[in-house]
Amino acid sequence: MEPHVNPEVRRVADDIGSMEIRGAAKIADAAAAALATQAKESDASTPEAFRSEIRVAARTLHDTRPTAVSLPNALRYVLHGMEGTTVEQLRESTVAAVERFRERLERSQADLGAVGANRLKDGDRIMTHCHSTAVLACVEAAVAQGKELTAVVKETRPRNQGHITAERLHELGVPVTLVVDSAARRYLNGVDHVMVGADSIAADGSVINKIGTSGLAVNARDRGTPVVVAAQTFKLHPGTLTGHSVDIEMREESEIVSAEERAAIGDPTVENPAFDVTPPRYVDAIVTERGQFPPESIVMLMRELFGENTTEPWLQSVT
Ligand SMILES: O=P(O)(O)OC[C@H]1O[C@H](OP(=O)(O)O)[C@H](O)[C@@H]1O
């Protein structure tokens, strides 16, 4: 019999899939919290049954979106923390692992923000793409230091997450100019830093982020504008250490065009990749909670953090 998956886990998985819950850090946080609910409410009668439930719940969450490695890294963290020989011990250790993960997440965001703020000077103008809580942490820390910033915010088609960024920046008192994505190059001359988040960072320092990031980075290099990537270390993709590549999520065409619109324009093939890969040569710095790194050196940090351990425990047999 397939182990019981808590309805809250299914709800969170659905919300991640539909992007009701979105953004690499928020996805990781919500997935970890869902595993805690699974653990707390489990009525498994044996340790084996409990472990199976947690693993199936983790797999349900894992199979929602493929690109942001924060999701499997969060699940891996919790599953490694699950230990004990009784159901109660397993439950307690799982819930404790979730709490540790969520605390680390919060702390790392604040520490990263302090590092990123050091790059920003009073009067600087930044350009953003999509909505990244890590980028906003840098801005928030800089604003708290009394620095006055302005921002050019790309709307980020097709889902317009730039609108969320605009709103958050407004709340921080940062004046915003909202532009369509294709206008970015025109505004780069007047910008001091391009600041983006990341969904995954590969061992060679490539940055996987919202579609449009790589074009922006190439344009920024052409204009001499530094590109700063704000990403906690749980965005580092351990699988890339052993030659795996990062899956780029292809989303529904309906996010770009309705069925009627599509029919009216001759039924073209529509493709909707959610992310792209920015090669390390277009990135000036990766800002993490452990400090700032040139992208080419990120592999050293990855080896230190992950060692040889790149296994995925939720892929073990469920029985
Ligand atoms: O972790 P934080 O910095 O919040 O977000 C990181 C990235 O997650 C988002 O993906 P999506 O909107 O979920 O597809 C964007 O690509 C953003 O840059």
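Residues numbered from 1 in each chain as written. Predicted model: local features only at pLDDT ≥ 70, side-chain atom pairs only at ≥ 80, totals over all residues. Heavy atoms only, no water.

An unreviewed UniProt entry lists the protein chain under the name Ribose 1,5-bisphosphate isomerase, with Halogranum amylolyticum given as the organism. The Catalytic activity (unreviewed entry) field of the UniProt record for the protein chain holds the comment "alpha-D-ribose 1,5-bisphosphate = D-ribulose 1,5-bisphosphate". (UniProt positions renumbered as here; feature names shortened; annotations may be inferred.)

Draft legend 1. View of the site of the ligand. The environment of the ligand is formed by 19 residues, the closest being Arg22, Thr133, Asp199, Asn209 and Lys210. Between an oxygen atom of the ligand and a main-chain N or O atom of Ala25, the distance comes to 2.8 Å. Asp199 places a polar side-chain atom, nitrogen or oxygen, 2.6 Å from an oxygen atom of the ligand. In a pocket analysis with a 2 Å cut-off to the grid points, the ligand is assigned to the largest cavity. (Near = heavy atom within 4 Å. Polar contact = N/O pair within 3.5 Å; in protein donor to acceptor, adjacent residues only side chain to side chain. 1 Å grid on protein atoms, 1.4 Å probe; cavity = no way out; pocket = protein on both sides within 12 Å on 5 of 7 lines; lining within 4 Å. Sits in = over half its atoms within 2 Å of the grid points.)

Draft legend 2. Summary view of the UniProt feature "active site" (unreviewed entry) in the protein chain. Those residues carrying the UniProt feature "active site" (unreviewed entry) are Cys130 and Asp199 in this numbering. In three dimensions, the annotated residues from a span of 70 residues occupy one location, with a maximal C-alpha spread of 11.4 Å. In the annotated set above, the residues contributing to the lining of the largest cavity are Cys130 and Asp199. On the secondary structure map, Cys130 appears in the loop between strand S1 (125-128) and helix H6 (133-144). Here Cys130 falls in the buried class, since its relative accessible area comes to 6%. With residues up to four places along the chain from it excluded, the contact list for Cys130 reads Arg22, Lys154, Thr156, Gln161, Gly162, Thr165 and Lys210. With respect to the helices and strands, Asp199 occurs in the loop between strand S4 (193-196) and strand S5 (200-201). Using a relative accessible area of 10% as the deciding quantity, one classes Asp199 as buried. Other than its neighbours up to four places away in sequence, Asp199 contacts Ala24, Thr67, Ala68, Val69, Ser70, Ile208, Asn209, Lys210, Lys235 and Phe275. (Helix = DSSP H or I, 4+ residues; strand = E, 2+ residues; numbered from the N terminus. Buried < 20%, exposed > 50% of the residue type's maximum accessible area, 1.4 Å probe, protein only. Contact = heavy atoms within 4.5 Å.)

Draft legend 3. Just the environment of Gln89, in detail. Mapped onto the secondary structure, Gln89 falls in helix H5 (residues 87-119). Judged by relative accessible area, which is 37%, Gln89 ranks as partly exposed. Separated by 114 residues in sequence, Gln89 and Ala203 have C-alpha atoms that sit 36 Å apart. When residues no more than four places from it in sequence are discounted, the contact partners of Gln89 are Glu83 and Gly84.

Draft legend 4. Quick look at the environment of Lys154. The topology assignment puts Lys154 in strand S2 (residues 150-154). Its relative accessible area of 3% is what places Lys154 among the buried residues. Between the C-alpha atoms of Lys154 and Leu178, which are 24 residues apart in sequence, the distance is 6.0 Å.

Draft legend 5. The arrangement of the pattern of salt bridges in detail. If you walk through the whole model with that rule in mind, you get 15 salt bridges. Note that Arg159 and Glu255 form a salt bridge whose closest N and O atoms lie 2.4 Å from each other. Note that Arg159 is positioned in the loop between S2 and helix H7 (162-171) and Glu255 in the loop between strand S7 (227-230) and helix H10 (259-264), a separation of 96 residues in sequence. (Salt bridge = Lys/Arg side-chain N within 4 Å of Asp/Glu carboxyl O.)

Draft legend 6. Broad picture of the domain arrangement of the protein chain. Entries for the protein chain in the domain assignment read domain 1 (7-109) and domain 2 (112-306). Look at where the C-alpha atoms of domain 1 and domain 2 centre, and you get two points 26 Å apart. Of the residues lining the interface, 19 residues belong to domain 1; the matching set on domain 2 comes to 30 residues. Both sides together, the interface formed by domain 1 and domain 2 hides about 1900 Å², and carbon and sulfur atoms give 52% of it. Looking at the side of domain 1 facing domain 2, the largest losses of area belong to Arg22, Thr67 and Gln109, adding up to 33% of the total buried there. In this structure, the connection of domain 1 to domain 2 is made through one salt bridge. Its salt-bridge partner being Glu249, residue Arg65 comes within 2.8 Å of it at the nearest N-O pair. Here domain 1 is connected to domain 2 by 16 residue pairs in polar contact (both at pLDDT 80 or more). Those elements that place two or more of their residues in the side of domain 1 that touches domain 2 are helix H2 (24-41), helix H4 (70-81) and H5. Broken down by element, the residue count for the side of domain 1 that touches domain 2 peaks at four residues, all from H2. Of the residues contributing to the side of domain 1 that touches domain 2, the split by class is eight nonpolar, seven polar and four charged. (Domains from an automatic or database assignment. Buried area = accessible area lost by both parts, 1.4 Å probe. Nonpolar A, V, L, I, M, F, W, Y, C, P; charged D, E, K, R; others polar.)

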